[in-house]
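Structural features, examined
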Amino acid sequence: MKKVLLWLIVLVIGISMVISFLFTGCKAKTEVVEETATEDEVAEEPAEEEAAAEEPVTIKVWFHSGKGEERDVLEKQVEEFNTMQDEVIVEPIVLPEGSFNEQTAAASLAGDLPDLLDFDGPNLYNYTWAGHLIPLDEYVSSELKDDFLPSIIEQGTYGGKLYSLGTFDSGLAIWGNKAYLEKAGVRIPTSIEDTWTFEEFNEALVALQALDEVEYAIDFKMNYGVDEWDTYGFSPIIQGWGADLIDRSDYQSAEGVLNSPEAVEALTWFQSLFVDGYANAAPAGDDDFYGRKISGLSFVGHWMWTPHSEGLGDDLVLIPMPIFGKKAVTGMGSWCWGITSQSENPEAAWKFLEFLIEPDEILRMTNANGAVPARKSALAQSELYGEGGVLNIFAQQLEEGVAVPRPITPAYPTITTAFIEVIQNIVSGADVKSELDKAVKKIDQDIEDNQGYPIAE
Amino acid sequence: MHNLNQNIKMRRKSNNSDLRSNLKRGFGYKRKREVTVAWVLCAPALTLLFIFLVVPFIIAFFLSFTDQRLIPNPNMPTQFIGFRNFLRLFMDEYFQRALLNNFIFAIVVVPVQTAFALLLAILVNQKLRFINLFRTIYFTPVVTTMVVVAIVWSFLYNPGEGFINQFIKTISGGLLGPYGWLDDTRLALTAIMVLSIWQGVGFQMVIYLAGLQGIPAELYEAAEVDSANAWQKFWYITLPQLKNTTIFVVISTTILAFKLFTQVWVMTRGGPQSATLTAIVLLYKEGFVQNRIGYSAAIAVLFFLIVFFISMVQRIYLRGERR
Amino acid sequence: MKNNVSTNRNPFGIRYMVSKRMSIGIRYLILVIIALFFLFPTVFMFVSSIKNNETQIISDMSNLRAFVPYGDIGFKNYFDVFTQLRFARFMFNSLFIVGTIVFAGLIVNSMIAYSLARLRFRGRNIIISLIIALIIVPVESIVIPLLLMVNKVGWIDSYHVQIIPFIADAFSIFLFYQFFIDIPTEIDEAAIVDGASSFRVYWNIIIPLSLPVFATVAILQFLFRWNDFLWPLMVTRGYEYRPLTVAIQQLFTQAPKMWGDIFAFASMITIPSLTVFLVFQKWFVRSIASSSIKG
């Protein structure tokens, strides 16, 4: 009896172990079968085009969950693509946006990236540098390339090769409350040519602050917290003064660039806005500009169009990026697609990507999510961003080179972490110069630890 | 844990005597069987712990001597870099700050939470109607996912008209506030502490409640014969009787305090100006945000040694106290 | 503490009756005030989750109106979560994973604890020290090596990769151990003299005696594993095996976030563990009372 019981327990545990291993075994086996099948197809494809047509290729596609509308459009696009042709079957997987970076990094470490996936802007370069993505140059004709916004091409190019294409871009400028601006007697620029000078901008802040309705002249969206927003939004300010996050000639050091006198001047001015009460370092909510209307200006991107237009109606104006210091600079970049080197069928992945970047498909996406269409031909048809559109300023900034991509280097995660900390700390009162020095030290250390991130030939 | 050592000692003694009597009676066979059964019973857990906890930690230990990246680069394989991570860690002011915050957090939260838990346990140990309802309410935060708790509290801590600021304003008649709870370097860690106590105290309360119910009623009756007042009863009966409960609560709260991560990550990411940075937040930031798995592993190893040392000291001290 | 109020006073005196009423009133007052302290964030969450108007949620969030269900009230957010997010699937995954871990963990952890607490063999003390040390190891430090390991055997994206590594748990073993060691040894010695094997003692004597501690460990494990996030994030890919904690990240998009959906999701994550506690509340307290933590 005692023996029986003992063996029973051992058996139960043993069986559960075996079952679990069986599960994995089966799974691994089917994967192997699939792999060999697809390999065969790849081998046959060049020789026999028809064979490939009979036997459709399945590709895995990952994308971030995004807002409901964005996801809906992409799911519809996948469905449409799968029915309109019979060579490629797209298998989409939506990954939660809140943890997308960690999840893709884990997948790259485990070596199971899909065929095609999207990246949040500058997070791309670690993957290109490490060889996880393949260049798209052979697929992208020069006419096609020319039709894309220069910012998109710049963002997708690493080491002289194009690795990614986005279907939409983002825009950053200043939204204004027309009623307040007129009351304060501030000139409202209408194109990037006649944007505010630095003096004009400062005068505008003073004039707005003097109004009874206004508690803080400008809202910098500090309620976003510790977020990529800090780098996206505020690195253009130091770039306006002539500084940058890193020396872009060779991406080897931030010394003398990020902690340059220009950067210190820029951020000291930025800090003074908070100290002098023109901006709120800790806003109570998101709606100081469009809901409670206690701010006359809002320094934020295109994504606030809907709440802003709902909140302010005809009083909403979009003002191009002012000249901060020496020149006007704005941010750019958004989610963009790349084909992985693990893909057995890069051609099939490209076919799907090619479909996504058709102007009509781009417009379908941007009409849903409100972003800037990535191609000029799509942009021209866009009601919001096209010539005469209410958000045309964003398009101008992106087309005319006012927009600067964030640093194109695998060191980006370190750079942005360091810069976010600088912004957070100086806004809560820390010394600008020593914060920048700390950031430079961290960035240079990271580059040194990785032997300067050499690009493999 | 003190219990454990003492028990081991006692057991050792009885083991010897058992063994001797067994030998006398010629129970050698049975003894051998017992050893076999013991190992069979240990085997599943030991195997699982070894594979899924010990081995990974040993790997982490090795990684701490390398420059392993999160996103690996086949063209630049991971290298052995000796003690570089550790040498850098000793100089790293962020790590020092993180440990300091961990210590401050533990030193404040452990006693406050323990005392508060005891107070609550005494309150809900009364024989009143609906007392079960109150127990459940006090326990609600424990069953609420920490991510959710942190999000909700960041709204309550809202720097403008957040509930907590409004409350303080009302109480003080408009004299105090508003405070930027999570934005002010002097307040952020306190804000995290309050939330952590709020979330965790219900669990300790239940443990104390159980402890209170385990105290023999005769002790109180005897005290009443000696006409002791409520305070004396608490001081001379309740507290000493709850000693083992307290030791358990203190040790487990200390370990949890050092593992502080989720609420900080959701609410402040360690800011402002490292005011809420903790060892695990730094470990996560280095490893998962900045791709430096090697350095992050070094933090893990050092952190483990430090917490292990602290809990050893705690065990020795508490054991000594018991004698 | 329970019966120390009455004894020294005359239970029939009017003054005593009045003061007793008052003291009961005061006690309830204290209980209610503290209850409010523990309740208000939860109320905030539930109330926000039934507000259909997203703009209203945002503008209410920073002030007292967040606690008042007014305006457009309904279950639109819950409906969204169910229709857009395959919520039922995630809930099943979480329940299945956590349930299996808890069940298997009870067997595996109690077995080793029994062995360590009541059987005599060499190496026992070393194992006990090791297990206590293992309580300290933070999960954040082992996920990467563990990911590399499970990847080698092709376990990625499955149920068992989320279950097997967490079955054996140092803290659970420690709790069991503390309890088992306090059971009087005479009980099993008598059984052994009667000819029962050690295993039989465990099965027929120890387990029936320790059902309360089994309950404690089960509830604790449920709570810990219910909140697991980092590991499932590393090892799941698609919808199929994704648990709730990872799924909620789907709602954490770039600003502006859909707070109504987030709170609806959050409320529903809370419900299962709250139910577990409500159902077992009495048993839970009793279980700890009879387990060894109390000393």
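Basis of the calculations
- Residues numbered from 1 in each chain as written.
- Chains lettered and ligands numbered in written order.
- Predicted model: local features only at pLDDT ≥ 70, side-chain atom pairs only at ≥ 80, totals over all residues.
- Helix = DSSP H or I, 4+ residues; strand = E, 2+ residues; numbered from the N terminus.
- Buried ≥ 20, exposed ≤ 12 C-beta atoms within 10 Å, placed from the backbone.
- Contact = placed C-beta atoms within 7 Å.
- Pairing = 2+ DSSP bridges.
- Axes fitted to C-alpha atoms, helices over the stretch in contact; angles between N-to-C directions.
- Parallel < 35°, antiparallel > 145°, perpendicular 65-115°, else oblique.
- Left-handed = near helix turned anticlockwise from the far one by under 90°.
- Nonpolar A, V, L, I, M, F, W, Y, C, P; charged D, E, K, R; others polar.
- Core = buried A, V, L, I, M, F, W, Y, C linked by C-beta atoms within 7 Å.
- Domains from an automatic or database assignment.
- Right-handed = clockwise from strand over helix to strand, strands pointing away.
- Arc of directions from axis to C-beta.
- pLDDT = per-residue confidence, 0-100.

Before going further, it helps to spend a moment on the overall build of chain A. Of regular secondary structure, chain A possesses 18 helices and 12 strands. Taking all 457 residues of chain A together, the buried fraction comes to 53%. In chain A, the proportion of contacts linking residues at least 24 apart, taken out of those at least 6 apart, comes to 75%.

Quick look at the overall build of chain C now. What chain C contains, in helices and strands, is 14 helices and zero strands. Going residue by residue from the N terminus, the α and β elements of chain C occur as α-α-α-α-α-α-α-α-α-α-α-α-α-α. Every one of the 295 residues in chain C was classed for burial, and the buried ones make up 46%. Put simply, 75% of the contacts in chain C that link residues at least 6 apart link residues at least 24 apart.

All names here are of chain A. With mixed pairing, four strands are arranged side by side in an open sheet as β8-β9-β7-β10. The sheet is open, and its two edges are formed by β8 (216-219) and β10 (316-319), each paired on a single side. In this sheet, adjacent strand axes meet at a mean angle of 25° when their direction is disregarded. Judged from the five bridges that link them, strand β7 (residues 172-177) and strand β9 (residues 295-301) form a sheet pairing that is antiparallel. Along β9, the bridge assignment pairs W175 with S298.

Turning our attention to the packing of helix α5 (residues 131-143) of chain B against helix α8 (residues 188-213) of chain B. Packed helices, taken two at a time, are described by their axes: the angle between them and the distance between them. Residue and element names in this part refer to chain B. At a minimum axis separation of 7 Å, α5 and α8 run at an interaxial angle of 125°. Viewed along their axes, α5 and α8 adopt a mutual orientation that is oblique. As α5 runs across α8, the sense of the crossing is left-handed. Between α5 and α8, the residues in contact are Y138, F139, P141 and V142 and W198, Q199, G200, G202, F203, M205 and V206, respectively. Here the contact of α5 with α8 is composed, by residue class, of eight nonpolar, three polar and no charged.

Another aspect to go through is the interface of chain B and chain C. Across the contact, 90 residues belong to chain B and 74 residues belong to chain C. Residue contributions to the side of chain B that touches chain C peak at 20 residues, all from helix α2 (residues 28-63) of chain B. Taken together, the residues of the side of chain B that touches chain C sort by class into 59 nonpolar, 22 polar and nine charged.

Across the boundary between the two partners, chain B contributes 27 residues, which contact 25 residues of chain A. Listed by contribution, the elements that provide at least two residues to the side of chain B that touches chain A are α2 and α13 (279-289) of chain B. Its residues assigned to classes, the side of chain B that touches chain A comprises 11 nonpolar, 11 polar and five charged.

Okay, the nonpolar core next. By size, the foremost hydrophobic cluster in this structure holds 276 residues, and its most contacted members are L258, F352 and I443 of chain A, A45 and I299 of chain B together with I112 of chain C. Here this core takes 14 residues from helix α4 (residues 87-118) of chain C, the largest share from any one element. Mapped onto the domain boundaries, this core takes at least three residues apiece from domain 1 (14-74) and domain 2 (79-294) of chain C. Residue contacts for F352 of chain A: discarding those within four places in its chain leaves I59, V61, F81, V88, V90 and L116 of chain A. Counting 29 residues, the second-largest nonpolar core is a separate cluster that includes L118, L120, M205 and L212 of chain B.

Okay, the environment of P189 of chain A next. All names here are of chain A. Take P189: it is sitting in the loop between α8 (178-183) and α9 (198-209). We classify P189 as buried; it has 21 C-beta atoms within 10 Å. Along the primary structure P189 and L117 are separated by 72 residues, whereas in three dimensions their C-alpha atoms are 39 Å apart. The contact partners of P189, leaving out residues within four places of it in the chain, are D194, T195, W196, I319 and P320.

All names here are of chain C. Each assigned domain of chain C is listed with its residue range as follows: domain 1 (14-74) and domain 2 (79-294). For domain 1 versus domain 2, the distance between C-alpha centres works out to 33 Å. Each side of the interface is counted separately: domain 1 has eight residues, and domain 2 has seven residues. Among the secondary structure elements, those contributing two or more residues to the side of domain 1 that touches domain 2 are α1 (14-49) and α2 (54-61). Here the side of domain 1 that touches domain 2 is composed, by residue class, of four nonpolar, two polar and two charged.

Residues and elements named next belong to chain A. In this sheet, strand β2 (residues 88-95) lies alongside strand β1 (residues 57-64) in parallel orientation, the contact comprising eight bridges. The residue bridging V57 from the neighbouring strand is V88, located in β2. With respect to chirality, the unit in which β1 leads through helix α3 (residues 68-84) into the neighbouring parallel β2 is right-handed.

In this section: unusual backbone geometry. All names here are of chain A. The phi torsion at Y251 lies on the positive side, around 55°, for a residue other than glycine. For Y251, the position within the fold is in the loop between α10 (229-241) and α11 (261-275). One non-glycine residue, Q451, adopts positive backbone phi at about 50°. Within the element layout of this structure, Q451 appears in the segment after α18 (432-449).

All names here are of chain A. Along helix α12 (residues 305-312), the positions that sit buried rather than exposed are W305, H308 and L312. What you see down the axis of α12 is that its buried residues fit within an arc of 70°, all on one side. Residues of α12 that are exposed and angled more than 90 degrees away from the buried face: T306 and E310. Looking at the packing, one finds that the buried side of α12 touches β7 and β10.

Residue and element names in this part refer to chain C. Looking at chain C as a whole, its pLDDT mean stands at 82, while 87% of the residues score no less than 70. For chain C, helix α14 (residues 259-290) is the element with the lowest average pLDDT, namely 75, and helix α7 (residues 160-163) is the one with the highest, namely 94. For residues 1-8, every residue scores under 50 in pLDDT, and the model assigns this stretch 12 contacts once sequence neighbours within four places are set aside. Here residues 291-295 is modelled with pLDDT under 50, and outside its nearest four sequence neighbours on either side it reaches 23 contacts, counting other chains as well. Reported confidence for the predicted complex is 0.83 by ipTM and 0.85 by pTM.

Attention now moves to the sheet that holds strand β11 (residues 335-339) of chain A. Residue and element names in this part refer to chain A. Across the sheet, which stays open at both edges, the four strands sit in the order β2-β1-β3-β11 with mixed pairing between neighbours. At either margin of the open sheet sits one strand with a lone partner, and together these are β2 and β11. For this sheet, the mean inter-axis angle between neighbouring strands, taken without regard to orientation, is 25°. Helix α4 (residues 100-110) contacts β1, β2 and β3 (116-120) of the sheet and is inclined by roughly 135° relative to β3.

All of the buried residues along helix α3 (residues 76-85) of chain C are N77, V81 and L85 of chain C. Buried residues of α3 of chain C, seen end-on, are gathered within an arc of 45° and therefore sit on one face of the element.

Residue and element names in this part refer to chain C. Relative orientation of the contacting elements helix α8 (residues 170-180) and helix α11 (residues 211-226) amounts to 165°, with a least axis distance of 10 Å. Here α8 lies roughly antiparallel to α11, going by the angle between them. Crossing geometry of α8 relative to α11 is assigned as right-handed. Facing S172, L175, F176 and F179 of α8, the residues of α11 in contact are V213, T216, V217 and Q221.

Bringing the confidence of the model for chain A into the picture now. Residue and element names in this part refer to chain A. Residue-level pLDDT values for chain A average 87, and 88% of them are 70 or greater. Looking over chain A, one finds the lowest element-wise mean pLDDT in helix α1 (residues 2-44), namely 43, and the highest in α11, namely 96. Every residue in residues 15-52 is under pLDDT 50, and counting partners more than four places away or in other chains gives 27 contacts.

Bringing the environment of G82 of chain B into the picture now. Residues and elements named next belong to chain B. Summarising the element assignment, G82 is placed in the loop between α2 and α3 (84-91). With 10 C-beta atoms counted inside 10 Å, the residue G82 sits in the exposed group. Taking the C-alpha atoms as reference points, G82 and D67, separated by 15 residues in sequence, lie 9.6 Å from one another.

To continue, consider the environment of K20 of chain C. Residue and element names in this part refer to chain C. With respect to the helices and strands, K20 occurs in helix α1. On the neighbour-count criterion, K20 (15 C-beta atoms within 10 Å) is partly exposed. In this structure the C-alpha to C-alpha distance between K20 and V150, which are 130 residues apart in sequence, comes to 64 Å.

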